[in-house]
Amino acid sequence: MGSRFAGRRQATGRAVGLLRRSGSMQQATFVELFFDLAVVFAFDRVVAGSLPGFLNEDPAQRWSNAGRTVLLLIAVMYLWTTTAYLTGRFEPHRPGTQVMLLLSTFAMMIMGTAVPGAFAGEGLVFAVVFVTVRVARPAVISLGLRSHRLRRLYWRVTAWLCLAGVFWVGGGVAVGAAQLVWWAVAAVVDLGSARLGWPAPGLGRHRNTIWQLAGHHLVDRNQQLLMIALGESILAVGISYSTHSHDLYKTAGLVIAFATTTLLWRVYFQKAGELLPKALDAAGDPAGWGRRVAFAHALMVLGIVTTAIGHEIVQHSHTQVTHPSWRATILGGPALFLVGRARLEHLVFARVSRRRIVGIALVAAAAPLMGRVSPLATATTAAAVLLLIALLDWRNAAGKPPEVPSPPG
């Protein structure tokens, strides 16, 4: 019996060796940054792949394309998020963790190559790769944890991912509207099960505590994802401009795209984004606070990528009117970013400045008025609202002592 207990302690010790320790380095490792390169590629493919659908002459097809684009973005961001949580819980310098990161990088690259045709015959490739890497990781982890208490969590996660995988793969073989429905259900299962803590009969739910263990690591990773999205915005419009014939209209669109990206960066970091690590230290419930911070960043990243798609529309449009789906993209991207940014400000300072609310209201009010103007004029309007917010932020901070974070609760 003593040998049995000794063996169990030894197995538990090996499992504990896989977990991140409280004193582990919080900065992203080179392998994680290598993974981010594949994320840049995947984002770029989503932006480029969405453009033909937005330029379709059929309004219904344009709106359907918007839904497809959102689903693809959810899949890419979900894989990034679960990978960030993987390195938040497990020691990123361990060979096993690095192998999983490299496999995730390869999967993200293959998903990116399949994105442009994901709703045109290549959906099965996208779905199978996405499901395989997500199911394989927690399954292998649960085996490596042996008798550790976290093992049952990763078995529950695996079970839920398998359930969602049925819908992802089902959508991969479906066509038309049926594929959109299958993948929408899959996204709901994925996000809903994670939100509920992957419940299972007799095992209850799991309360996510990764932010307590590696909060600064996850703050850093979320900010890096936001910078990836901003970088992709410049990459996408730069490629479009340099690979097609251009005139004064497109040159102006390039300038507005760069100005908008710069303003998004400025509005994020003044001051909530800059003080985010200190706000984590002041948070009373780092786990709950961190989950809300991650959601705010997800909204902002979705807004940034949507804005990038809007600038692609500007580069390729040849009309003097902005269709409703185009307005929803060109103006909706900055609006969604501002919603996420307002949420972040509340998490850092327990308040939301009127500048954010006014900015969102101005973008919403401008939408009905942009139908009779060009996409470039619509994009310029969005940039003007962001510029107004950035100037008011600068004026509000001028001559005042540095703010101190005061998270709610």
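Residues numbered from 1 in each chain as written. Predicted model: local features only at pLDDT ≥ 70, side-chain atom pairs only at ≥ 80, totals over all residues. Heavy atoms only, no water.

Caption draft 1: Region of the structure containing the UniProt feature "transmembrane region" (unreviewed entry) in the protein chain. With numbering matched to this structure, UniProt assigns "transmembrane region" (unreviewed entry) to residues 68-87, 157-174, 248-268, 293-314, 326-344 and 356-371. Across residues 248-268, the secondary structure splits into 100% helix and 0% strand, with the terminal C-alpha atoms separated by 30 Å. (UniProt positions renumbered as here; feature names shortened; annotations may be inferred. Helix = DSSP H or I, 4+ residues; strand = E, 2+ residues; numbered from the N terminus.)

Caption draft 2: Quick peek at helix α4 (residues 95-114). In this model, α4 (20 residues) spans 29 Å end to end at C-alpha, consistent with the 28 Å of a helix rising 1.5 Å per residue. Buried residues along α4 sit in contact with α2 (30-54), α3 (59-89) and α5 (123-145). (Expected span 1.5 Å × (residues − 1). Contact = heavy atoms within 4.5 Å.)

Caption draft 3: Spatial organisation of the nonpolar core. Counting 105 residues, the largest nonpolar core has Phe43, Trp168, Trp211 and Trp289 as the members making the most contacts within it. In terms of residue count, the dominant contributor to this core is α3 (13 residues). With residues up to four places along the chain from it excluded, the contact list for Trp211 reads Tyr85, Leu218, Val219, Asn222, Leu280, Pro286, Ala287, Trp289, Gly290, Arg291, Val293 and Ala294. (Core = buried A, V, L, I, M, F, W, Y, C linked by side-chain atoms within 4.5 Å. Buried < 20%, exposed > 50% of the residue type's maximum accessible area, 1.4 Å probe, protein only.)

Caption draft 4: Structural detail: the environment of Ala287. Examined against the element boundaries, Ala287 turns out to sit in helix α11 (residues 286-316). Sequence spacing of Ala287 and Ser233 is 54 residues, and the spatial spacing of their C-alpha atoms is 31 Å.

Caption draft 5: Region of the structure containing unusual backbone geometry. Following Gln270, the chain continues to Lys271 via a peptide bond in cis, the omega torsion being -5°. Positionally, Lys271 belongs in helix α9 (residues 248-273). A positive phi angle is found at Trp198, which is not glycine, with a value near 45°. Tracing the backbone shows Trp198 in the loop between α7 (177-195) and α8 (210-243).

Caption draft 6: Expanded view of the pattern of salt bridges. Applying the stated criterion to the full structure yields eleven salt bridges. Where Asp44 meets Arg45, a salt bridge forms, and the shortest distance between an N and an O atom there is 2.7 Å. Taking the shortest distance from any N to any O, the salt bridge between Glu274 and Lys271 comes out at 3.6 Å. The exposure class assigned to Glu274 is partly exposed, which follows from its relative accessible area of 47%. For Lys271, a relative accessible area of 28% puts it in the partly exposed group. (Salt bridge = Lys/Arg side-chain N within 4 Å of Asp/Glu carboxyl O.)

Caption draft 7: Focus on the packing of aromatic side chains. Applying the stated criterion across every chain yields a total of ten aromatic pairs. Note on Phe167 and Trp182: the rings are 5.8 Å apart at their centroids and 45° apart in plane angle, and the pair reads as tilted. Within this pair, whereas Phe167 is found in helix α6 (residues 151-173), its partner Trp182 is found in helix α7, the two being separated by 15 residues in sequence. Among the residues examined, Phe167 registers a relative accessible area of 24% and is labelled partly exposed. By relative accessible area, which is 35% here, Trp182 ends up partly exposed. Ring geometry for Trp168 and Trp183: centres 5.5 Å apart, planes at 55°, overall tilted. Remark: Trp183 occurs in helix α7 and Trp168 occurs in helix α6; sequence separation between them is 15 residues. (Phe/Tyr/Trp six-rings, centres within 6.5 Å; stacked < 30°, edge-to-face > 60°.)

Caption draft 8: The arrangement of a nonpolar patch on the surface in detail. A surface patch of nonpolar side chains, about 300 Å² in accessible area, is lined by Val358, Leu362, Leu388 and Leu392. The residue Leu362 is located in helix α14 (residues 354-366) in this model. You can call Leu362 partly exposed: its relative accessible area is 37%. (Patch = residues over 30% accessible without salt bridge, like charges linked within 9 Å, V, L, I, M, F, W, Y side chains within 5 Å. Areas by Shrake-Rupley, 256 points an atom, 1.4 Å probe, with all protein chains shown as cover.)

Caption draft 9: Main features of empty space enclosed by the protein. Considering all chains together, one arrives at two cavities of 30 Å³ or more under this definition. For the largest cavity, the calculated volume is near 90 Å³. Together, 13 residues line the largest cavity, and Gln270, Lys271, Arg355, Arg356 and Glu403 are the ones closest to its centre. Those elements that provide at least two residues to the lining of the largest cavity are α9, α13 (332-349), α14 and α15 (375-397). In terms of residue class, the lining of the largest cavity is made up of three nonpolar, two polar and eight charged. (1 Å grid on protein atoms, 1.4 Å probe; cavity = no way out; pocket = protein on both sides within 12 Å on 5 of 7 lines; lining within 4 Å. Points joined across faces, edges and corners; volume = space filled by probe spheres on them. Nonpolar A, V, L, I, M, F, W, Y, C, P; charged D, E, K, R; others polar.)

Caption draft 10: View of the environment of Ala107. Considering the arrangement of structural elements, one finds Ala107 in helix α4. Setting aside residues up to four positions removed in sequence, Ala107 forms contacts with Val129 and Val133.

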